[in-house]
Amino acid sequence: MTDPLLSVRDLQKYYYEQDTFVDTLLGRERQSVKAVDGISFDIEPGETLGLVGESGCGKSTTGETLLRLREATGGAVEFDGENVFEMGSDELKAFRKDAQIVFQDPFSSLDPRMTIGDIIAEPLRIHDMPTDPGDKSKREWRRDKASELLERVGLSATQLDRYPHEFSGGQRQRIGVARALALEPEFIVLDEPVSALDVSVQAQVLNLLDDLQTELGLTYLFIAHDLSVVRHICDRVAVMYLGNIVELGPTDELFESPKHPYTEALLESVPRPSTREQGRRVDALSGDVPSPRNPPSGCRFRTRCPKVIPPDDLDIDQEAYRAVMDLRDALVVGDVNPDHIWETADPERVDEEAFIEEARARHVDAELRGDVASVVDTALGHLVDGDVEQTQTVLRETFESPCETRRPGVGDTTHPAACHLYEGSDEVEVIETTADAPVSADD
Amino acid sequence: MADPILKIRDLSTSFFTEEGKVNAVDSVTFDVEDGEIFGIVGESGSGKSVTALSVIDLIDSPGRVTGGEVWYRNADLAEEFRGSRPEAVDGDFVDVRRLPKGVRRSLRGPSFSMIFQDAMSSFNPSITVGEQIAEAVEVQRRARANPRRTRSRTQGYGLGSAILDTFLPNRDYVSNESMDRAVELLDQVGIPDPEDRAEEYPHQFSGGMLQRAMIAQALAGEPDILVADEPTTALDVTIQAQILNLLRDLQEQEGMSILMITHNLGVIARMCDRVGVMYAGEIVERGPLGDIFENPVHPYTQGLLGSVPDIDDPSDRLEPITGNVPSLLESEMPDACYFADRCPKAMTDCMTRIPEYDLDGRHSVRCVLAEREYDEADALEQEVMADD
């Protein structure tokens, strides 16, 4: 294998809240938001790596951090063998010539007061290009280059003196691509380049990006939330969830045999434009993505995972176990309110059995049997006096999952998945959560 | 087949702007059957949302519904207006557009209800979610108690109410029963711990939860027809799957019909029984899902389907439609098929307005290809578009 063009190691980007001087004076502890929490991947020259995930998973932050448009809080990025985070200003300027970005929103990423020609030529001006304009003035050279680029992305050179508002969304996105190409970069971060476009125009832009890559030998990091687009354009795909990469693999392999339960659920959820889709009922993931301010311990996905692993000594089917884990999560986020249960069960607050029954009806979404049922009932019994903490303790003693105590790492194979289900097959290294805890005080 | 619940005939809506008249919806015709999900799909600016708003009579100045009929099946209303407005009644159907304004307004809620794309901006940020849902319940409750009054006058709006609201706290409008019903509705749409969530404000809800809350609000009047305008567009796929499941469950439980507006062909495929494809304000093709997806006749429908990357089978190259969506300014609209300048199969025949051709009683299309084969000898010379 060739050396990777870009190599990202344990990249970390935290944002801090309550981090001002006043907060320090008041003795408030700063809160971290873990937008990107230790991710690693390589990009080979000439390939397209897709970065997919839902909103808030940190994919755009990753793209911006690795170009040093935002300062990382940890980790390293090597571009062509050089560490981007340690570059001095001259080296950084050279790096920015080689690495470009196209943004999602074609409306806000072009200056409305500049003509298209000026927008495309601006990077050239900033880098004082060309060094040798021949018999033309630098200005003329740049203008010629801009018209060349404009035609290259499928617009007409006669439109050079128009302003962005005169163009449609698809055309503006082409202008954004032309600007990114101006410095003849090796590597382009495409941050949701087609999300704002209608499907017919989206297809035009995707074809354009494809052509440019073949012609100019470009390397792409393609950030997207639309899995169909990713399947179409990427060579390899990394799936992100809550600041972590949960699975990374060659596109076809990942789409045809996904390993991580999150990837499976994501692929399952996408509505296909085909008659076979009619009336298809998806087993939707329950709940919402947890907040990155206070992410779940261990595996980040465990609060929604349909394959969460029960402790070894517990005999329980998945449906019941998921229901118990949902109850535990509901207790943690404060969705269980004993007062409301009392109101429905027995406003006089005497009939404890009715209380437990009502609590079960409300918060346990499966039929429980045997020992499991009695442990859950005992736990719910503590809610009678409103002792949520004791309820949690009782449940934790019996039901604590390996998924919540240990954080799965991404292994080092061609198709790694960060999931405890793949442990023992040598594919997953395990990081102890405690040892891995970052230097923040919030969790 | 049973009568449809809604028959839209030649509905047109225009916006009268400074630049000129914009024909956002142009002679749109379709039926919504009882208990079905009818989908309207199109790109931005195709007029699908305006169609929805026109059906439910929510077009605001500078826009106006300029023509057409909205026949709604409701035996009680038909009986009531048979004498006074015979032109608005046809069997069990009433033409909503020809009913008095107060009656039209009273239909919103118990007959038609709507959910919007952006839940965050559809709720009032300074009133709790529970109260906003309870308000919808309360309006229906009062309307039922005194239909005459609410039909002739507005409920809770207008100058008198505005003055009253200034002196009396807003909460007084909502009774405890309505609040309880709001909690029930929140529970029905799958919001955990509904009693507490009802007391929270919109910003405390996630996008998916707020979309559920908006659906709860729309259900308050137990509508016959739910108009869902891009209900999942702002949501992530896993949340989208939850909301689509919820809509389907509710549709089955409540037996209502849904008019579903979306740009996502996948959502259409999963949810809809029949579908209309919109382009430049017209429904260019309409029929059962299978016909539209498997045997599309209109080149635009074909182009739209060809533009979507297939997640299960990444073919080598997408086949996009060239060019851009046209302007809908009346002065710039050609006296020809609106799609002709982007159409790969445009012929000289296309240079007149194209009527709607009925293919087999269920499938109809606005394209000359319904009647004849494409013949290269008649091909229209395309101007070379700057864009491609």
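1. So, the overall build of chain A
The secondary structure content of chain A amounts to 17 helices and twelve strands. Across its three principal directions, the C-alpha atoms of chain A cover 95 × 60 × 45 Å. In chain A, which comprises 443 residues, the proportion classed as buried is 45%. Long-range contacts, defined here as pairs at least 24 residues apart, represent 67% of the contacts in chain A between residues at least 6 apart.

2. A short note on the pairing of strand β7 (residues 112-115) of chain B
Residue and element names in this part refer to chain B. Neither face of β7 is left uncovered, since the one carrying Phe 112 and Met 114 and the one carrying Ser 113 and Ile 115 both have all their residues buried. In this sheet, strand β8 (residues 225-229) lies alongside β7 in parallel orientation, the contact comprising four bridges. Directly across from Ile 115, in β8, lies its bridge partner Ala 228.

3. Points about the packing of helix α10 (residues 207-219) of chain B against helix α11 (residues 237-254) of chain B
All names here are of chain B. The N-to-C vectors of α10 and α11 enclose an angle of 15 degrees; their axes lie 10 Å apart at closest approach. As far as their axial angle goes, α11 and α10 are roughly parallel. Our pair here, α10 against α11, has a crossing hand that is right-handed. Here α10 contributes Gly 207, Gly 208, Gln 211, Arg 212, Ile 215 and Leu 219 to the contact with α11, which in turn contributes Ile 239, Gln 242, Ile 243, Leu 246 and Leu 250. Its residues assigned to classes, the contact of α10 with α11 shows six nonpolar, four polar and one charged.

4. Examining the sheet that holds strand β1 (residues 6-17) of chain A
Residue and element names in this part refer to chain A. In spatial order, the strands read β2-β1-β4-β5; together these four strands make up an open sheet with antiparallel pairing. Two strands close off the open sheet at either side, each with one partner strand: β2 (31-43) and β5 (82-83). Set on the sheet, helix α2 (residues 59-66) makes contact with β1, β2 and β4 (74-79); between it and β1 the angle comes to about 110 degrees.

5. Overview of the interface of chain A and chain B
Interface size, as often reported, equals the accessible area lost upon joining of the parts. The interface of chain A with chain B comprises 45 residues on the first partner and 45 residues on the second. Listed by contribution, the elements that provide at least two residues to the side of chain A that touches chain B are α6 (169-181), α7 (199-216), α8 (227-233) and α10 (261-269) of chain A. Tallied by class, the residues present in the side of chain A that touches chain B amount to 16 nonpolar, 20 polar and nine charged.

6. Here we look at the nonpolar core
Core analysis: the largest hydrophobic core is formed by 222 residues, its most contacted members being Phe222(A) and Ile133(B). Considering every element that reaches this core, the biggest residue donor is α10(B), with eight residues. Split by domain, the residues of this core number at least three in each of domain 1 (6-113 + 163-268) and domain 2 (318-400) of chain A. Setting aside residues up to four positions removed in sequence, Ile133(B) forms contacts with Ala182(B), Leu185(B), Leu186(B), Ala213(B), Ala216(B), Gln217(B) and Ala220(B).

7. Points about the pairing of β4(A)
Remember that side chains alternate between the two faces of the sheet whenever the strand is regular. Residue and element names in this part refer to chain A. Bridge count between β1 and β4: five bridges; the pairing is antiparallel. In the sheet register, Val 8 faces β4, and the bridge partner there is Val 77. Sheet topology note: the β4/β5 ladder contains two bridges and is antiparallel. For Glu 78, the partnering residue across the bridge sits in β5 and is Asn 83. The turn joining β4 and β5, which pair antiparallel and follow one another in sequence, is formed by two residues; a positive phi near 55 degrees is taken by Asp 80.

8. Observations regarding the domain arrangement of chain A
Domain annotation of chain A identifies domain 1 (6-113 + 163-268) and domain 2 (318-400). The C-alpha centroid of domain 2 of chain A is placed 43 Å from the C-alpha centroid of domain 1 of chain A.

9. Brief notes about the confidence of the model for chain B
Residues and elements named next belong to chain B. Per-residue confidence for chain B gives a mean pLDDT of 87, with 90% of residues at or over 70. Long-range and interchain partners of residues 150-155, a stretch whose pLDDT sits below 50, account for 13 contacts in this model, where long-range means more than four residues apart. Here residues 384-388 is modelled with pLDDT under 50, and outside its nearest four sequence neighbours on either side it reaches 13 contacts, counting other chains as well. Across the interface, the model reports ipTM at 0.85; the global pTM reads 0.88.

10. Topic: the confidence of the model for chain A
Scored by pLDDT, chain A has a mean of 87; 95% of the residues are at 70 or more. Counting interchain partners and residues more than four positions distant, the pLDDT-below-50 stretch residues 432-443 of chain A has 15 contacts.

11. Some thoughts on the environment of Val201(A)
In this fold, Val201(A) is placed in helix α7. With 32 residues separating them in the primary sequence, Val201(A) and Gly169(A) have C-alpha atoms 8.5 Å apart. Not counting residues up to four positions away in its chain, the partners in contact with Val201(A) are Gly169(A), Gly170(A) and Asn324(B).

12. Quick word on helix α4 (residues 116-126) of chain A
All names here are of chain A. Within the sequence span of α4, burial applies to Ile 116, Gly 117, Ile 119, Ile 120, Ala 121 and Leu 124. Buried positions along α4 lie against α5 (138-152) and α6. Looking at the residues trailing α4, positive phi occurs at Asp 128, about 50 degrees.

13. Re the packing of helix α8 (residues 176-188) of chain B against α10(B)
All names here are of chain B. At a minimum axis separation of 9 Å, α8 and α10 run at an interaxial angle of 125 degrees. With respect to α10, the element α8 is oriented oblique. Considering how the two elements wind past one another, α8 and α10 form a crossing that is right-handed. Where α8 approaches α10, its residues Leu 185, Leu 186 and Gln 188 are matched on the opposing element by Ala 213, Ala 216 and Leu 219. Taken together, the residues of the contact of α8 with α10 break down into five nonpolar, one polar and no charged.

14. Points about the environment of Gly47(B)
All names here are of chain B. Note that Gly 47 resides in the loop between β3 (37-41) and α1 (48-55). Owing to 24 C-beta atoms within 10 Å, Gly 47 belongs among the buried residues under this scheme. C-alpha of Gly 47 to C-alpha of Glu 184: the two residues are 137 residues apart in sequence and 35 Å apart in space. Here Gly 47 is in contact with Ala 24, Val 25, Met 278 and Gly 281, once residues within four sequence places are set aside.

15. A closer look at helix α11 (residues 318-333) of chain A
In an α-helix, one turn spans 3.6 residues; hence positions three or four apart end up facing the same way. Residues and elements named next belong to chain A. Taking 1.5 Å of rise per residue, 16 residues should cover 22 Å, and α11 covers 22 Å from first to last C-alpha, within 8% of that figure. Among the residues making up α11, those that are buried are Tyr 321, Arg 322, Ala 323, Val 324, Met 325, Asp 326, Leu 327 and Arg 328. Contacts made by the buried residues of α11 are with α13 (352-363), α14 (370-381) and α15 (388-399). Immediately downstream of α11, the backbone of Gly 334 shows phi near 85 degrees, a positive value.

16. Thoughts on unusual backbone geometry
The residue after Met129(A), namely Pro130(A), is reached through a cis peptide bond having omega -5 degrees. Structurally, Pro130(A) can be placed in the loop between α4 and α5. The residue after Ser61(B), namely Pro62(B), is reached through a cis peptide bond having omega 5 degrees. Among the secondary structure elements, Pro62(B) is positioned in the loop between α1 and β4 (63-73). Residues other than glycine seldom take positive phi values, yet Arg68(A) does so here, at roughly 60 degrees. Assignment of secondary structure puts Arg68(A) in the loop between α2 and β4.

17. Description of the sheet that holds strand β6 (residues 99-102) of chain A
All names here are of chain A. One open sheet accounts for six strands, arranged β6-β7-β8-β3-β9-β10; its pairing is mixed. If you trace the sheet from one side to the other, it starts and ends with β6 and β10 (244-250), each paired once. Sheet twist, expressed as the mean angle between neighbouring strand axes with direction ignored, is 15 degrees. Here strand β3 (residues 48-52) runs beside strand β8 (residues 219-224); their pairing, made up of five bridges, is parallel. Its bridge partner lying in β8, Thr 48 is registered against Tyr 220.

Rules of the game
- Residues numbered from 1 in each chain as written.
- Chains lettered and ligands numbered in written order.
- Predicted model: local features only at pLDDT ≥ 70, side-chain atom pairs only at ≥ 80, totals over all residues.
- Helix = DSSP H or I, 4+ residues; strand = E, 2+ residues; numbered from the N terminus.
- Buried ≥ 20, exposed ≤ 12 C-beta atoms within 10 Å, placed from the backbone.
- Contact = placed C-beta atoms within 7 Å.
- Pairing = 2+ DSSP bridges.
- Axes fitted to C-alpha atoms, helices over the stretch in contact; angles between N-to-C directions.
- Parallel < 35°, antiparallel > 145°, perpendicular 65-115°, else oblique.
- Left-handed = near helix turned anticlockwise from the far one by under 90°.
- Nonpolar A, V, L, I, M, F, W, Y, C, P; charged D, E, K, R; others polar.
- Core = buried A, V, L, I, M, F, W, Y, C linked by C-beta atoms within 7 Å.
- Domains from an automatic or database assignment.
- pLDDT = per-residue confidence, 0-100.
- Expected span 1.5 Å × (residues − 1).

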